[in-house]
Each structure stands twice: as structure tokens, then as C-alpha cells.
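Residue-level structural notes
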Amino acid sequence: MSARTTGRTTIHDVAADLGISASTVSRALSPQGVVSDETRRRVEDAAARLGYRLNSAARNLSTGRTHALGLLVPDLRNPFFAEIAKGAQNRARARGHAVYVADTNLSAETELEAVEMMRRDVDGFVVCSPWSDDERLVAALSGVPAVVMHREVEGLPSVTAALHDGMRQALDHLRALGHARIAYVAGPAGSWNARERRRGYEAEVPEVEQVMLGPVVDQFEGGFSVADALLATGATAVVAYNDITALGLVSRLAARGVRVPKDMSVIGFDGLDVATLANPLTSVSVPRALAAEHAVDLLLRPGTSSVVLPTQLVVRESTAAPS
Amino acid sequence: MAVTIRDVARHAGVSPSTASRAFTLSGPVDPETHARVLAVAEELGYRRNRWASSLRGGATKKLAMIVPDLTNPFFADLVRGAQARAHELGYLVLVTDTDDDPRAESEMLASLADRVDGSLLCTPRTPDDQLGRLTSRGPTVLLHRTSDDVPYVISDVAQGVRLAVDNLVALGHRDIAYLDGPPESWSAGLRRTAIAALDLPDGVAVRTVGQVPARFEGGVAGGDLVVASGATAVLAFNDVVALGLLHRLVARGVRVPDDLSVVGYDDVPSAAMATPGLTTVAQPLVASARTGVDMLVDLVEGRPVGDAAVVLPTHLVVRSSTRAVEPLGRTA
């Protein structure tokens, strides 16, 4: 056993044990490294004997080595994140990097595990809308370049969107159409995005005029289920925390015989293509591919500060003056 | 110069994919061939680090998954299913998107080869004669595509097409349009074969009205062809095409399902979110990905794969985009 008594076995321990240089050990353990078969065998044996883990420190810190970036997203079935993955992939490829995407299944634990498992495979991480708390995320990402998207995390550079401003645009549009009673369907309380959007509504609408619904958990089902409660409030317009929830609302409203936008104006949030299905939804567009491009650039050109991108109301066919 | 699997294959007088199968046990290999390949490998000094993944038995605990387009909900569902099952088994799936470029597939696999224990491939556009190039890099399982060389999971396309058409016939439709996918798509080829093989009642016809890209825009473009065909019902190549079709039909003032019934294929999440909800053939997307992961992990961990050719059933999901044709002789 080596002289080191604390921490993990390092490449230096393996090198010392065999009386060869650390760089030879590194080459022997790297699939592309050029060493004799004999050396490779000796190094592999020693590494196994000493309990050296390939995914431990030594390879993490080398930058620009893998020409790959890790992208963590909570749920690829949500088109919002699929478009981010696409944007990141295209930008990184144009800059000579592959992107390995991990879907972390809306789980903080899976996120932290994925960081640990991928850290030697990538030169850095783009972490999109993570579920982990700030402290654990920063700890997991220590020693590896990382950028956060669509969330602010103390201690990490981020790319976010001007959500308050987007909410203001949505509410201004509805007020200009003559709506006085505008409901809001809140998203999951644990989500930074949902929280920021809700804060935007609360900041823009005087407390006595607020009509707060939700929070929904399952997006489409949640919107579908909250529609009846919405009708009971007497509101003539509603902003949903995202497009999928707005689609759920529209689906239930249609089943109730409520015409959109004649009887009820509906605004979604995100501006997804899926929101243009059949009955195109007015929505606040939040940058996805563009934000991913910024995040990749930020990762590959460190030292730049955080970026806040604009949001944009897109008026389609689900909003009109109250009848 | 290091000995490659190609050298082993040449000396053993077999194809590289057969040599690969002999190492990975990822498909049928004649016992005599198996022994010969291993003997040649030993003789040439083709060792461990080159086919490490199959011998290490899950050393990286990571699997690669190659898909053509993550923004296509079909693949998003597959990824989700694979990721969830892999997680249960202690593996992480690294997904890469080839941006619909079959040439990028081998680059991606090469970049990932040393970082993963095996690969799940979703490759609907790679020509058959180039598939071997992708499947010879260690343990591999194909999703929604068949192969002679490696295990695969697919759904029963003939059954799916039959379920959709039988339902339309039961609703009284006689003139049914089929809006086909792109000529180069492997799954569109299967769909065409299934339609040609249908045993239709007298007086019922299924006509292909056009071939469109397997995207929303493809359905938008196909909408006018469907309307011009005069058919009372249409089966679209997939849900995404069907949703584009719905979009165009609304713009043309054609009411769904009153004027035209629309059926999709796949049952991606957005099929249920459209208004009207899309009637569709549900492919077992999540189940197929889970099964594929199970097979791949068996290969990686050196267990025999029970069934190397898994065919999963489909079922029809009836929503609001289909309705019965008014019976003849009935007046308003």
C-alpha cells in the first residue's frame, strides 16, 4: 500500500507502486494512450490491487481533454428541454465538442449521481433547471466547469430569461383587451421557474385582484383538472405557468363547451411549438435553443458573467377581448 | 500497431460483425466459429483493452444511446424509458442526438465507445448495408429496427396498421387515405409493407396520397393532398405528421372529425394534448426502451440474452379525431 493514508488512491500511488511515471500510468489507463501491452497489464493490475478508481480526481481536472460537454436536463419528454438539448448539441458541435445528455428524471439524487458518473467523460457541464438545492449542486460540481440554465445558483454562472418582464407583457396584453379579472395557474412549488413566474404575477397584480389557482404538479393533467375551478372564479382570462398546462386547460374548457378565446382568454408560457397545435396558443416565449447556445459559449469561454435573455409575448389565437 | 477486431476477423475468415458477436455474445454465433475467433484473438494478442467493455462487465456503468432527433417526441419517450430502466439497474444513459445525419452516428459511437459499456441505437435512416458498421463496436441493442447481427426490440407494425384500418372500417369509412413518411425511412418501409398486406373487405380502399417528411411541417404540407383525395379518413405516418395535418385542416376550414377522421401512429404525449385529441396507434415506446436496456445490460454483464428478437404488441387509443360516417339514406 502507498504511503498515503487519507483520501482515495491516486494515479501517483499507482505510479509509485510500479516505479514508473504518473504520465505513463495515465497513458496506460487511457484507451487511446500509447504504451506496451506489458505495461498496460501491469498498470491495470496495480490499479485494481490498490483500488484506484478510474473516475477519481486525476482525470477530472484536465480541461479541453474530452472535447465533450455534459448536459443535464430534468425531463426530455418536455419539449422545452428537448429544444435546449438540441440547441446545446448544435452549438457545441459547431465548436468541436460532442454533447452527452442525461435525463435526470425530475430527481435531485439522479442529478448528483449523473454529475459524479460523467465528470471524467466531459470537460464541463451545462445543468438545466436542476432540482438539487444550491449547496449540494455547487459541491457536486466543484472542480469541473459548469453553467446553470433557467435557474440562478449562488456561486455558478447562469443563463436565465427575464420571466417577470414576460409576465408583465402577458398581463399588459390581457388588460389592453379589457380583461379585469385575470387568474393565474401556478406550477410546482419546488421549481425555480414556477416560483419566479408566480412572483411575476404577484408583483404585477394587486393582491385583492389576484386569482391564484394550483399549484399543479402534473402539467397537462394539472391544467385539465384546474379548469373547472377556473370557471367558478368568474375570471375572463387566465395565464398558465407553462404551455402544457395551458393546453390541459384548453382541452377541458372545450369539453365544458367554453369557447377559447370568446368566453375565456388563455395565455401559456414558454412559446413551445406544441402550443401551436390545432388551436394556436398565445404564449410568452422563453428562449430555449438560444439560451442553450449562450450556456455552451459561457462554458467554453469561461470568465464571462451570467446572461439574462429577453422573453417575448407571442400573440396567437387564444386571446381576445372579453365578450 | 494494435491488433483490431478487423485483423481478428480477417484471420478467422469471418466478417467483423461476426467476430464482434463472438466476443460480445450479442447474437447467434456458430460454436465452432466462436471458438475459432477466440483462438485467433489469443494468437494475435487482441486483448482486453480493445474489447474491454464486454469483459469488464459494466465497468463504466454507462450506456450510450444514439437518436436522430431529441425534439421528436417519439425519441424523447424512448430516451425517458431507457433512462428510467437504466437507473433502476444502476446505469446512466448518455444520449447523443445525430441531428438526422446518419453519418454522425459512427462519429458519435466512436466518441462514446471508450466511455460506455454498451450502446442502444435508434437509427431509422441508416441504410441496411451500413448498419453493421454501427453494431460492431461492442454490446449493442437496436430499438425499433431489426438486425441479423445484434438483438433488437421492435413493435408489431402489421398489427398496428391493421388496428387503425379495422377501426376506420368499423366506423363506416370506405375510402381511406394514407399519408406516407419519407422514402428513406426504414419504418416507413415497414408501414408500406403492412398496408400492402392488409386484407380489406370489398369496397374498401387504402390509398397512399403522398410521402412527406416525418415532421409537423410534413403533415401541414400533406394536408392539401389529403383534402384533394376526397377520402373520409386518413391514417398519418406518425403522430407528429398527424398533428401538422390537423393544423392545416383547421386552416382549410375542414372540421375534424365531422368532415374528416384523422388517425396518428405512436401515441406521443402531444397526441393527447391536441384539441381534438388524436386517435392513434400506441407503440410501446417506454416498454420497448426498458426491454432494450434489460437486453443490453444482460450483454454487458455477460449473461445470455433470452430472446434476441423481441416484438411488442401495439394497441389503438381512440380519442376525438375519428367518428362514424353517416349511414347511407339517413337525412338531416
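Below is a short write-up of the structure. Residue indices begin from 1 for each chain and proceed along its sequence in written order. Chain labels run from A onward and ligand labels from 1 onward, assigned in the order the entries are written. Given that this is a predicted model, residues contribute local features only at a pLDDT of at least 70 and side-chain atom pairs are listed and counted only at 80 or more, while totals for whole chains, interfaces and linings are drawn from all residues.

Focus on the overall build of chain B
The way it works is that DSSP assigns letters per residue, a run of H or I at least four long becomes a helix, a run of E at least two long becomes a strand, and they are numbered from the N terminus. When helices and strands are counted, chain B shows 13 helices and twelve strands. Overall, the C-alpha framework of chain B stretches about 85 × 35 × 30 Å when taken along its three principal axes. Whether a residue is buried, exposed or partly exposed follows from its count of other C-beta atoms within 10 Å of its own C-beta, namely 20 or more, 12 or fewer, or something in between, respectively; the C-beta atoms are built from the backbone. Among the 332 residues that make up chain B, the fraction classed as buried is 54%. Whether two residues are in contact is decided by their C-beta atoms, placed from the backbone, lying within 7 Å. Taking all contacts inside chain B whose residues are at least 6 apart in sequence as the whole, residues at least 24 apart take part in 72%.

Overview of the overall build of chain A
Regarding its fold elements, chain A presents eleven helices and twelve strands. In chain A, which comprises 323 residues, the share counted as buried stands at 51%. Within chain A, contacts between residues separated by at least 24 positions form 67% of all contacts whose residues are at least 6 apart in sequence.

Section: the sheet that holds strand S9 (residues 265–270) of chain A
All names here are of chain A. By definition, two strands form a pair when at least two bridges between them are found by DSSP. Here we have six strands laid out as an open sheet, ordered S7-S6-S8-S9-S10-S12, and mixed in their pairing. A single partner strand is all that each edge strand has here, and the edge strands are strand S7 (211–213) and strand S12 (312–314). Between one strand and the next, the sheet's axes are offset by a mean angle of 20°, whatever the strand orientation. Contacting strand S6 (182–185), strand S8 (237–240), S9, strand S10 (282–285) and S12, helix H7 (residues 163–176) crosses the sheet at an angle of about 40° to S12. In this description, a line fitted to the C-alpha atoms serves as the axis of each element, helices being fitted only across the stretch in contact, and the angle between N-to-C directions of two axes falls anywhere from 0 to 180 degrees.

Considering helix H11 (residues 289–300) of chain A
The α-helix advances 3.6 residues per turn, and as a result positions three or four apart in sequence lie on the same side. Residue and element names in this part refer to chain A. In a helix, the anticipated span is given by 1.5 Å times the number of residues less one. With twelve residues, H11 extends 17 Å from end C-alpha to end C-alpha; this agrees with the ideal 16 Å at 1.5 Å per step. Looking only at H11, the buried set comprises Ala 291, Ala 292, Glu 293, His 294, Ala 295, Val 296, Leu 298 and Leu 299. Contact partners of the buried residues in H11: strand S1 (68–73), helix H4 (79–94), strand S3 (124–128), strand S4 (146–149), strand S5 (158–161) and strand S11 (307–309).

Some remarks on the packing of helix H1 (residues 11–18) of chain A against helix H3 (residues 37–50) of chain A
Residue and element names in this part refer to chain A. Closest axis-to-axis distance for the H1/H3 pair is 10 Å, and the angle between their directions is 120°. The angle between H1 and H3 falls in the class oblique. Where H1 crosses over H3, the two elements pack in a sense that is right-handed. Side by side, H1 and H3 meet where Asp 13, Val 14, Asp 17 and Leu 18 of the first sit next to Arg 42, Val 43, Ala 46, Ala 47 and Leu 50 of the second. Three classes are used, and their members are as follows: Ala, Val, Leu, Ile, Met, Phe, Trp, Tyr, Cys and Pro are nonpolar, Asp, Glu, Lys and Arg are charged, and the others, Gly among them, are polar. When grouped by side-chain class, the residues that make up the contact of H1 with H3 number six nonpolar, no polar and three charged. Here the angle decides the label: under 35 degrees means roughly parallel, over 145 means roughly antiparallel, 65 to 115 means roughly perpendicular, and every other value means oblique. Whether a crossing is left-handed or right-handed is set by the direction in which the near helix is turned from the far one by less than a right angle, anticlockwise for left-handed and clockwise for right-handed.

What to know about the interface of chain A and chain B
The partner chain B presents 35 residues to the 36 residues of chain A that form the contact. Every element with two or more residues in the side of chain A that touches chain B is listed here: H3, H4, strand S2 (98–103), helix H5 (108–118) and helix H10 (243–255) of chain A. The element best represented in the side of chain A that touches chain B is H4(A), accounting for seven residues. Split by residue class, the side of chain A that touches chain B holds 21 nonpolar, seven polar and eight charged.

Here we look at unusual backbone geometry
In the segment running from B:Val256 into B:Pro257, the intervening peptide bond is cis, with an omega of 10°. As for its placement among the helices and strands, B:Pro257 is situated in the loop between helix H11 (239–251) and strand S9 (261–266). Across the junction of B:Thr275 and B:Pro276, the peptide omega takes the value 0°, indicating a cis bond. Of note in the backbone geometry, A:Leu106 takes a positive phi value of approximately 55° without being a glycine.

Looking at the pairing of S2(A)
All names here are of chain A. With six of its six residues buried, S2 lies for the most part within the structure. Taking every second residue as pointing to the same face, both faces of S2 are buried, with Ala 98, Tyr 100 and Ala 102 on one and Val 99, Val 101 and Asp 103 on the other. Sheet topology places S1 next to S2; six bridges connect them, and they run parallel. By the bridge assignment for S2, Val 73 is matched with Asp 103. In this fold, S1 hands off to H4, which returns the chain to S2; that crossover is right-handed. Viewed with both strands pointing away, a crossover whose connecting path from the first strand over the helix to the second turns clockwise is right-handed.

What to know about helix H6 (residues 102–112) of chain B
Residues and elements named next belong to chain B. Every buried residue of H6 is accounted for by Glu 105, Met 108, Leu 109 and Leu 112. Buried residues of H6 fall within an arc of 100° about the axis and therefore sit on the same side. Of the exposed residues in H6, the ones pointing more than 90 degrees away from its buried face are Arg 103 and Ala 110. Note that the arc is defined by the directions from the helix axis to the C-beta atoms.

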